[in-house]
Amino acid sequence: MSLISTLARLEAVSTGRAQPAATVRHRHLGDRPLVLVPLITAGEAGAPLGALVGTDRDAPRLLAVPQPRDRDLRFAFLAELAGVVLPYVDSYAESVEAAERTETDPETGKRVKVEVDLCADAPQLIVPSRAGIDLVRLLGRSMRFRRTAEQDPEAPYPAPPRVPLLGRWLTHFGERARVPGSSLLLAMTDLLGRHWVTGQSTLEDQHLGALLAWIDPPEGVTGAEAALRAELERDEQGQLLCPPAGPATDPAFDNKLLAPAIERYDRARTALAAAEDGLEADDRLGALTAAEREIRDLVLSRTRPTWDAVWRGLDLLRELPEGARVEERWTRDRWSFTGHRDRLLAGEPPQPRRDDAVTAANKLATREREQARLEAQEALDDPLVMAGRRLSGEAFAGEVTDVVMAYSDGKRPSPRPLVTVRTDDRPQLGERTKVYRSLGGKPQAAEFVADEEDGAYVVLRVLDKMGRGKEPEPGSVPEKGDRVCFTLFEHEQRGGAKLPDPEETPWTHGGPPGEAALEPADPVTEEDVL
Amino acid sequence: MPLPRTRGTALRQQLAELRGPDVPAKALDARALAALAANPGCARRAILDGAGVNKTALASALGSPSAFGQSQFALTRGNAFEAKVKADGGAELLRLVHEKLDRSAEPPADARVPDLTASGPQGRTARTELELREAATRPGVWTLLDHPMLALDVAGSPAFLEPDAVVVHPDGTWTVVEIKSFPLLDGSADPAKVGAAARQAAVYVLALEEVAARLASEESPAPRVRHRVLLVCPRDFSNLPAASAVDIRKQRAVTARQLARLTRIEDIADALPEGTCFSPELPVEELTAAVESVPATYAPECLSACELAFHCRARSREEGAVTTLGRPVRAELGGLTTVEEVLAAARGEAGDPGDPAVAALRRAAALRAEALEAACR
């Protein structure tokens, strides 16, 4: 955390309201995001209890598992979830535009441009909290190796038809969410925390209700009071008025409300199974339906406040103008989406449990590159982020006080003007340090020549983007009186060294992965159901 | 049993008075110990835990109830899993210990599983020590101690600990076993949870090492406590056990150092005003005053570890302490410790401009104002 955001945090404490941490929106928000508010059962890995899901804030789809330990009910939940998520994903897979991509020609080994399809837009999943992102990954992992009855007629407990496919998509979303700056799968707490700072610690910011209370407190209440209420206030039954955003539920809810309701459901189900004639069965079916309805109502009561909070957060975020370079990063998300769509169409097997060495190294390299890209782009898009970089000496801004024309030595002298900038910043410049400024969205490089008056004046030599002629193109050299901002970091990221193909993996890294064997599904044991 | 010290009796009496009349002491579990070691500077937590005060009840009496609780679903599942792992005389558990930690030994068959029941924590501790001594006389035999009880001296008062299991190997070495119900998914588990389990196991290892030291005699050296513990978790999405050896040398060293650093409880107790009592029966004002008489060092991390955290947080916020916003925030601000102090320094109303922290603050405030102004235009 930079001193600037610390200061903002203290101001938030003192004013009782969250302070801006950004002046533009740094993440893409689609027109029709799919919001998912899941709940899970405590103590059990990947056992959903219920969810609210949908693209219409007024009409969420409620899914509930009346007995989370029952495998059939769990599959029914996942099938229903697939029934909502997959049509949404598919609706983006069809509309494509032509794009170009450089590929290595397998015969000549040369880099050539090929025309490919790029999906015109991509789906976007919003979950309330970071734990929600982990759950998406976990659900993806639990489903993608399952076999349907069609794939494997012998499989015990076959999965419903579209469930493995949903698993592969959720895995992709979860994997993509690890790439810095991507927007395919986002957590609302992260989004709000990126754009506002509150008067509480970042740990407490993980509570969506409290975070929103700081940003947008109700009339006549300070953010601090509203946040405290969201965190702790309970009704006469001892239930939190603002239930946790999940996926974990409040233990008091589990013990006082949910456990008795599930017990009633179990009893009604046993009773129905034991019914001896049709009339009795009808009655008991009624009791079972009532018990199920009760659990659905409980799930709704715990997810609806979070659902509304997520949409409220989206409203607040949409009020911010989108950063200039957000669109470019979203295009990368579209490529990622298109790539996964193509892999599915090509009939490739599900993502493996563990990546091979080359894939893993590539993923890491991508994340590092995207992290650097994100940091550079956010600073260029947003003066408040740039202020942090200026404070740390990674950038400086000021007014041009003098421009002296100079030329390079060489057969064809090129313009190398010397520009003097007056600045209050204290950049960490060394001899011939390269600095960059944004010129029409492209980086222009300059190098440090000297400083005068103890760093108050910085002399730079502009190096490029001035055209081919002897005289620089108009507008390509700063003029006296211009405000300029130079950064010490590069604006565009170069790709790292190319890694070998997976077949060429050296023995030090496990050797070639060999034939891609179909990964077996998780063994099904009786113990799945406790 | 070296625990009841000569001067310990006076201290025990003093601590019992702090708890209040007829309030039984609450045992210090390993989780509390590990959390205590994570915030060794907090005198309030040290004395309350040392005196065995029920902090949950205390927090409720103060009007800032703690938010800890365990879902009965998690509890049921955890117990069912532990029972499954230990079923059949611990056959599966011993198989895992053999496979993951001691492959060169004889495979465990006919392991001893002694009965450890006794009355009271002292009795159970003595019983455990007796069985460990007994096991030391039988080389070549596997012994499984199911829920043994160990005592550890914490800042001058004994804390009783109950590991899930301790295994004595045929070569006489001891292994701590931790059974947890979070899943081991494709060979990896949540690092935060594994870390917590490792810190907990480290405390058990320290306690066992004290027992081992007592068993040492002229003819036989002290048994070795292994520094790799066995973590047993459900595999993937099933409840079949999977195990992994976890090296806890680092956690052991850290915990040992922190425990040694703990301000001695006697010193804190001696500094308290005469007649201080933490009984939840007392009126709120009296109780608040008693709690306030011991200094606390609140940080947001307390929220996940200490029952009194909400109370301390409210106090810390009232005082405007910057640590309320996190330890890193405090570290950035040099000698400035309250919110108003920092803001005044940033506005240029107070503070020494020669102080680098103040100069940096003013610079940050100016840059922030400039950026926000630029955005508004």
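Our subject is the structure that appears above.
About the thresholds
- Counting restarts for each chain: residues are numbered from 1 in the order of the written sequence.
- Lettering of chains starts at A and numbering of ligands starts at 1, both following the order in which they are written.
- Two thresholds apply to this predicted model, a pLDDT of at least 70 for residue-level local features and 80 or more for giving and counting side-chain atom pairs, whereas whole-chain, interface and lining totals are computed over all residues.
- A run of H or I in DSSP becomes a helix once it reaches four residues, and a run of E becomes a strand once it reaches two; helices and strands are each numbered from the N terminus.
- C-beta atoms are first placed from the backbone for all residues, and any pair lying within 7 Å is then listed as a contact.
- Here the expected span of a helix is defined as 1.5 Å times the quantity of residues minus one.
- In this scheme every C-beta is placed from the backbone, and a residue whose C-beta has 20 or more other C-beta atoms within 10 Å is buried, one with 12 or fewer is exposed, and one in between is partly exposed.
- Pairs of strands are assigned from DSSP output, requiring at least two bridges between the strands.
- Here an axis means a line fitted to C-alpha atoms, over the contact stretch when the element is a helix, while the angle between two N-to-C directions is reported on a 0 to 180 degree scale.
- Gly is placed with the polar residues, together with every amino acid not listed as nonpolar (Ala, Val, Leu, Ile, Met, Phe, Trp, Tyr, Cys and Pro) or charged (Asp, Glu, Lys and Arg).

Colleague: Report on the overall build of chain B, specifying residues and quantitative values.
Modeller: Along its length, chain B carries 14 helices and seven strands. Pairs at least 24 residues apart make up 64% of the contacts formed inside chain B by residues separated by at least 6 positions.

Colleague: Please set out helix H4 (residues 163–176) of chain A residue by residue, giving values where relevant.
Modeller: Residue and element names in this part refer to chain A. With 14 residues, H4 ought to run about 20 Å at 1.5 Å a step, and its terminal C-alpha atoms sit 20 Å apart, in line with that. Along H4, twelve of the 14 residues are buried, which leaves the element largely enclosed by surrounding structure. Every buried residue belonging to H4 is among Val 163, Pro 164, Leu 166, Gly 167, Arg 168, Trp 169, Leu 170, Thr 171, His 172, Phe 173, Gly 174 and Glu 175, and all of these are buried. As for H4, its buried residues are in contact with helix H2 (71–93), strand S7 (125–127), helix H3 (130–144), strand S8 (185–187) and helix H10 (326–345).

Colleague: Please provide a residue-by-residue account of the sheet that holds strand S3 (residues 48–54) of chain A, values included.
Modeller: All names here are of chain A. Taken in spatial order, the five strands of this open sheet run S4-S3-S2-S7-S8, and their pairing is mixed. Of all strands in the sheet, those with a lone pairing partner are strand S4 (61–64) and S8, marking the two edges. Here the average twist between neighbouring strands, direction ignored, is 20°. Pairing of strand S2 (residues 34–40) with S7, which is carried by two bridges, proceeds in the parallel orientation. Considered in S7, the bridge of Leu 34 is made with Leu 125. On the sheet, H2 packs against S2, S3 and S4 and is oriented at approximately 20° with respect to S3. Helix H9 (residues 278–318) contacts S2, S3, S4 and S7 of the sheet and is inclined by roughly 135° relative to S2.

Colleague: Could you give an account of the interface of chain A and chain B, with specific residues and numbers?
Modeller: Taken together, the 44 residues of chain A in the interface contact 43 residues of chain B. Sorting the residues of the side of chain A that touches chain B by element identifies helix H1 (3–15), H3, helix H8 (251–273) and helix H12 (383–391) of chain A as the ones contributing at least two each. With ten residues, H1 of chain A is the largest single contributor of residues to the side of chain A that touches chain B. Here the side of chain A that touches chain B is built from residues that sort into 20 nonpolar, twelve polar and twelve charged.

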